[in-house]
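Each chain, letter by letter, is given below.
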Amino acid sequence: LEAADGEEGLALAEKEQPAVMFLDLFMPKKSGLEVLGAIKSVSPETRVLVISSMDAEPVVEQAIAAGAMGFVGKPFHPLEIAAAVRQALAS
């Protein structure tokens, strides 16, 4: 599934209850951090992985503190995504 913006992403998470969700920090309508903050109330079992070009340590720490299970910086290699998903599902 793919969402065009943060509001649509949050609605899809509520409807579909995905095991893993990839979330960019910069999206229209709702930021990734806003969605991350709301995701646990609409889809409590969903494990969220943040993918962003903003991979400075304070941004990563903020995402993890807000509930992200992991963080992958852009550009990324498919093996990084696979490893992040395995780690999130194992948690």
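Residues numbered from 1 in each chain as written. Predicted model: local features only at pLDDT ≥ 70, side-chain atom pairs only at ≥ 80, totals over all residues. Heavy atoms only, no water.

(A) Here's a closer look at the pairing of strand β2 (residues 47-52). Of all 6 residues in β2, 5 are buried, a share of seventy percent or more. Bridge analysis of strand β1 (residues 20-23) against β2 gives 4 bridges, and the strand direction is parallel. Each residue of the ladder has a partner; that of Val20, found in β2, is Arg47. For the segment spanning β1, helix α2 (residues 32-42) and β2, crossover handedness is right-handed. One ladder, built from 4 bridges, connects β2 with strand β3 (residues 70-73); its direction is parallel. Bridge pairing in β3 links Leu49 to Gly70. (Buried < 20%, exposed > 50% of the residue type's maximum accessible area, 1.4 Å probe, protein only. Helix = DSSP H or I, 4+ residues; strand = E, 2+ residues; numbered from the N terminus. Pairing = 2+ DSSP bridges. Right-handed = clockwise from strand over helix to strand, strands pointing away.)

(B) Region of the structure containing the sheet that holds β2. Spatially, β1-β2-β3 is the arrangement adopted by the 3 strands of the open sheet, whose pairing is parallel. Lying at the two open borders of the sheet, with one neighbouring strand each, are β1 and β3. Across the sheet, the axes of successive neighbouring strands diverge by a mean angle of 25°, strand direction being ignored. (Axes fitted to C-alpha atoms, helices over the stretch in contact; angles between N-to-C directions.)

(C) Looking closely at unusual backbone geometry. Here the bond from Lys74 into Pro75 is cis, since omega is -10°, no more than 30 degrees from zero. For Pro75, the position within the fold is in the loop between β3 and α4 (78-90). Backbone geometry places Gln17, a non-glycine residue, at a positive phi of 50°. With respect to the helices, strands and loops of the structure, Gln17 is situated in the loop between α1 (6-16) and β1.

(D) Focus on the environment of Pro75. The exposure class of Pro75 is exposed, given its relative accessible area of 79%. A C-alpha to C-alpha distance of 8.3 Å links Pro75 and Ser52, two positions 23 residues apart in sequence.

(E) How the structure looks around the layout of surface pockets. Within this model, the largest pocket holds a volume of roughly 380 Å³. Broken down by secondary-structure element, the contributors of at least two residues to the lining of the largest pocket are α1 and β1. Looking at the lining of the largest pocket element by element, the count peaks at 4 residues for β1. Grouping the constituent residues of the lining of the largest pocket by class yields 11 nonpolar, 1 polar and 4 charged. (1 Å grid on protein atoms, 1.4 Å probe; cavity = no way out; pocket = protein on both sides within 12 Å on 5 of 7 lines; lining within 4 Å. Points joined across faces, edges and corners; volume = space filled by probe spheres on them. Nonpolar A, V, L, I, M, F, W, Y, C, P; charged D, E, K, R; others polar.)

(F) Representation of the environment of Leu49 within the structure. Relative to the helices and strands, Leu49 is located in strand β2. Looking at Leu49, the relative accessible area reads 1%, which means it is buried. Sequence spacing of Leu49 and Lys15 is 34 residues, and the spatial spacing of their C-alpha atoms is 18 Å. Beyond its immediate stretch of four places on either side in the chain, Leu49 contacts Val20, Met21, Phe22, Leu23, Met69, Gly70, Ala84, Val85 and Ala88. (Contact = heavy atoms within 4.5 Å.)

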